[in-house]
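Secondary and tertiary structure notes
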Amino acid sequence: MKSRWPLIGVKPTSNPYFKIEGKAHYMYVDIPNQLISYFLVNLYRLSEEYKTDLETLYRESKKLENEFNEFFKRKFGGWLSILIKREPFSKRPFGIQIRIDWSSFQSFLEKFAEREDITLEEKYEYLFMCRSEIAWLPSGPEKEFMEKCVRHFSKSLIKEISSTLISFTRELLEKKKKYRERLLLKRKFAPLTLAYLSEIISTIIVINDCVHRGIVSTCYREMRKILENISWVIIDDLLLLRGRKEVLEKIIPPLRIPNKEWYEWAKNKRLIITGLNEFTKYFQVIIEKIMKKYGIGRSEIESSLFNNMTYPLFLFLSGSREMPPPSLKDIVYETEAIKPFVKENIKMIIASLLKRSLSSSDEEFINELSDLLAVGKHISIRYPSNKFIMQLVEKISSIKIDELYKRYSYFVHSYDKAWQFYPFSSILEFKIFKHEMVQFIRLVTQLLDFYEKVVYSRSKRKSIS
């Protein structure tokens, strides 16, 4: 193992008192070379400070050795250690050895890649310590030592990752076929999720290509984009499919037309729905009135509202009296045109809560609530943030999206620890990605399964047919 494990390069040293021996010369892949370099820098400082007193230099260097070894064992285990010893027959009085337990090191890599008690960010901080010095190698890493060896050691891992991604694309193609037959052709509804499946498949192909090129960090940015977009299309389809066909004749669904101009206008006017809490505060008065009239708990009312919300009610709850410029006329709606559909939606929510036929008193109450939600003759729609859309999906599906999304956001911002530095510069990186990829595919599959359950449910009282 030790003679074949990939090398980034050779570590130069100019310390006149310490002889670097054997493995201490080499910067190995997936070993925290930055920590070792930091140790050598501190050792050089000690050499300068105690160069006239070699006994003190030896004692202080042994203290530094113990500090490093204790820290490393506490942080990563005991598979790597530094040893300083006297060299009585050498030009330099002391020697430095680095000892690696290769079997324990391999075990560390396997466990570290799949650990859930540390974040993806922390895993990449470790990778940064291993490979960041690539940037300052005088001639760059030797492909013969690093890239070709990493390819060799990762061959079966890359094959497994690629096989999983290809299998996932086949599943998506099957879903695409099913959505076309059951929704587009049979129910005469053009689901946005159907259109987006083609984009997911294309993106998965890009991710697979990046894996084969050794550019792994790019994959997380693409996976993050998928989580954003699939949330938008699922919400759009569900809000439409819960309502009646006539809704499409009255409104242009705003989630189908997000654009930069709408976002910039909403941002300047402070009309962005930043999160679910901000959205729900707009219908708290409705919840309060239902609680007071029927004595039903808040959580039960809120659950029914989210599980039965159609597009018109969503528009009312997202509405603003602020009018945009004429170029954004598609996000402006006549209140009276969609008010009947809002009333119908509220009626559906009340009926689901009461589990009985509605009385004339109930009907009057529903009229009161729909009047309360109507804000002016026309309403414009506040811009839904990605955070809000994903929180809304979480709310109605009970599927946690935010955790993975936050992990992958790390690769969007300017954090140097997330840099790739060089393709095929880590075997551990492929192990980490495999673990993340499995969780990502599981999450996307859960979202699509939820979508299908709602779309194909026969229990919906009204649907587009």
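Conventions and cut-offs
- Residues numbered from 1 in each chain as written.
- Predicted model: local features only at pLDDT ≥ 70, side-chain atom pairs only at ≥ 80, totals over all residues.
- Heavy atoms only, no water.
- Helix = DSSP H or I, 4+ residues; strand = E, 2+ residues; numbered from the N terminus.
- Buried < 20%, exposed > 50% of the residue type's maximum accessible area, 1.4 Å probe, protein only.
- Contact = heavy atoms within 4.5 Å.
- Areas by Shrake-Rupley, 256 points an atom, 1.4 Å probe, with all protein chains shown as cover.
- Core = buried A, V, L, I, M, F, W, Y, C linked by side-chain atoms within 4.5 Å.
- Salt bridge = Lys/Arg side-chain N within 4 Å of Asp/Glu carboxyl O.
- Pairing = 2+ DSSP bridges.
- Axes fitted to C-alpha atoms, helices over the stretch in contact; angles between N-to-C directions.
- Arc of directions from axis to C-beta.
- Phe/Tyr/Trp six-rings, centres within 6.5 Å; stacked < 30°, edge-to-face > 60°.
- Lys NZ or Arg CZ within 6 Å of the ring centre and 35° of its normal.
- Parallel < 35°, antiparallel > 145°, perpendicular 65-115°, else oblique.
- Nonpolar A, V, L, I, M, F, W, Y, C, P; charged D, E, K, R; others polar.
- pLDDT = per-residue confidence, 0-100.
- Expected span 1.5 Å × (residues − 1).

With that out of the way, let us pick up the overall build of the protein. Of the regular secondary structure elements, the protein holds 18 helices and 10 strands. Its C-alpha atoms give the protein principal-axis dimensions of roughly 105 × 45 × 45 Å. The buried share of the protein, taken over its 465 residues, is 52%. Partitioning the intrachain contacts of the protein with sequence separation of at least 6 by distance along the chain shows that 78% fall at a separation of at least 24. Carbon and sulfur atoms make up 51% of the accessible area of the protein, which amounts to about 22,800 Å² in all.

Before going further, it helps to examine the nonpolar core. If you look at the biggest cluster of nonpolar residues, it comprises 158 residues, and the most contacted ones within it are W79, Y220, F279, F314 and F433. It is helix α18 (residues 428-455) that provides the largest number of residues to this core, a total of 15 residues. For Y220, the residues in contact, after removing those within four places along its chain, are L120, Y124, Y408, F411, I432, F433 and E436.

Here the focus is the pattern of salt bridges. Pairs can form between side chains of opposite charge whenever their charged atoms are close. In this structure the tally under the stated criterion is 30 salt bridges. In this structure, K434 and E160 form a salt bridge, with 2.9 Å as the shortest nitrogen-oxygen distance. With K434 in helix α18 and E160 in helix α5 (residues 147-185), the pair connects residues that are 274 residues apart, well separated along the chain. What makes E160 partly exposed here is its relative accessible area of 38%. Residues joined in a network through salt bridges with shared partners are E116, E403, R407 and E436.

Read from one edge of the open sheet, three strands run β2-β5-β4, paired in mixed fashion. Pairing within the sheet leaves two strands with one partner each, and these edge strands are β2 (18-20) and β4 (80-86). Each strand axis lies, on average, 30° off the axis of its neighbour in the sheet, ignoring direction. As paired strands, β2 and strand β5 (residues 94-100) are joined by three bridges and run parallel to one another.

Right, let's talk about the pairing of β5 for a bit. Where burial is concerned, most of β5 is hidden: six out of the seven residues are buried. By the bridge criterion, seven bridges tie β4 to β5 in an arrangement that is antiparallel. Residue pairing in the sheet places L83 in a bridge with Q97 of β5.

We now examine helix α11 (residues 284-294). Three- or four-residue spacings in an α-helix give side chains the same orientation, since the helix completes a turn every 3.6 residues. Of the positions making up α11, those classed as buried are I286, I287, I290 and Y294. For α11, the buried positions fall inside an angular range of 100° around the axis, keeping them on one side. Next to the buried residues of α11 lie α12 (298-308), α14 (335-354) and α15 (360-373). G295 lies just past α11 and shows a positive phi near 70°.

The next thing to look at is the packing of aromatic side chains. Applying the stated criterion across every chain, the model contains 39 aromatic pairs. For the ring pair Y294 and F365, a centre distance of 5.7 Å and an interplane angle of 85° mean the geometry is edge-to-face. Residue Y294 is found in helix α11, and its partner F365 is found in helix α15; the two are separated by 71 residues along the sequence. F365 carries the same exposure label as Y294, and that label is buried. The ring centre of Y58 lies 4.0 Å from the NZ or CZ of R86, which sits over that ring. Lying over the aromatic face of F128, K417 brings its terminal NZ or CZ to 5.0 Å of the ring centre.

The contact between helix α6 (residues 192-213) and helix α7 (residues 217-241) brings their axes to 10 Å, and the two run at 175°. Viewed along their axes, α6 and α7 adopt a mutual orientation that is roughly antiparallel. Facing α6, whose interface residues are L192, T193, Y196, E199, I200, T203, I204, I207, C210 and V211, α7 presents T218, C219, E222, M223, K225, I226, N229, I230, V233, I234, D236 and D237. Along the lines of polarity and charge, the residues of the contact of α6 with α7 split into 13 nonpolar, four polar and five charged.

Summary statistics for the protein give a mean pLDDT of 89 and a share of 96% for residues scoring 70 or more. Low pLDDT, under 50, characterises residues 458-465; the stretch is placed with 25 contacts to residues that sit more than four places away or in other chains.

Another point: the packing of α6 against α18. Helix-helix packing is described using two parameters, namely the angle between the two axes and the distance between the axes. Relative to each other, α6 and α18 sit at 170°, their axes nearing to 14 Å. As summarised for this structure, α6 and α18 are arranged roughly antiparallel, according to the angle between their axes. Between α6, through T193, L197, I204, I207 and V211, and α18, the contact on the second element is made entirely by F430, F433, F440, L448 and Y451. Class assignment of the residues belonging to the contact of α6 with α18 gives a composition of nine nonpolar, one polar and no charged.

If you check helix α4 (residues 120-131), its first and last C-alpha atoms are 16 Å apart, about what 12 residues at 1.5 Å a residue would give, namely 16 Å. Among the 12 residues that make up α4, nine are buried, leaving the element largely enclosed by the rest of the structure. For α4, the complete set of buried residues consists of L120, K123, Y124, Y126, L127, F128, M129, C130 and R131.

Next up on the list: the side chain of T193. Summarising the element assignment, T193 is placed in helix α6. Leaving out residues up to four positions away in the same chain, T193 has contacts with Y179, V233, I234, D237, L448 and Y451.

A word on the environment of S360. Here S360 lies in helix α15. Placed 240 residues apart in sequence, S360 and L120 show a C-alpha to C-alpha distance of 57 Å.

All right, on to the sheet that holds strand β7 (residues 319-320) then. With antiparallel pairing, three strands are arranged side by side in an open sheet as β7-β9-β8. Single-partner strands in this sheet number two, and they are β7 and β8 (332-334). Here β7 runs beside strand β9 (residues 378-381); their pairing, made up of two bridges, is antiparallel. Opposite G319, over in β9, you have I381 as the bridge partner. Contacting β8 and β9, α14 runs over the sheet at an angle of about 75° to β8.

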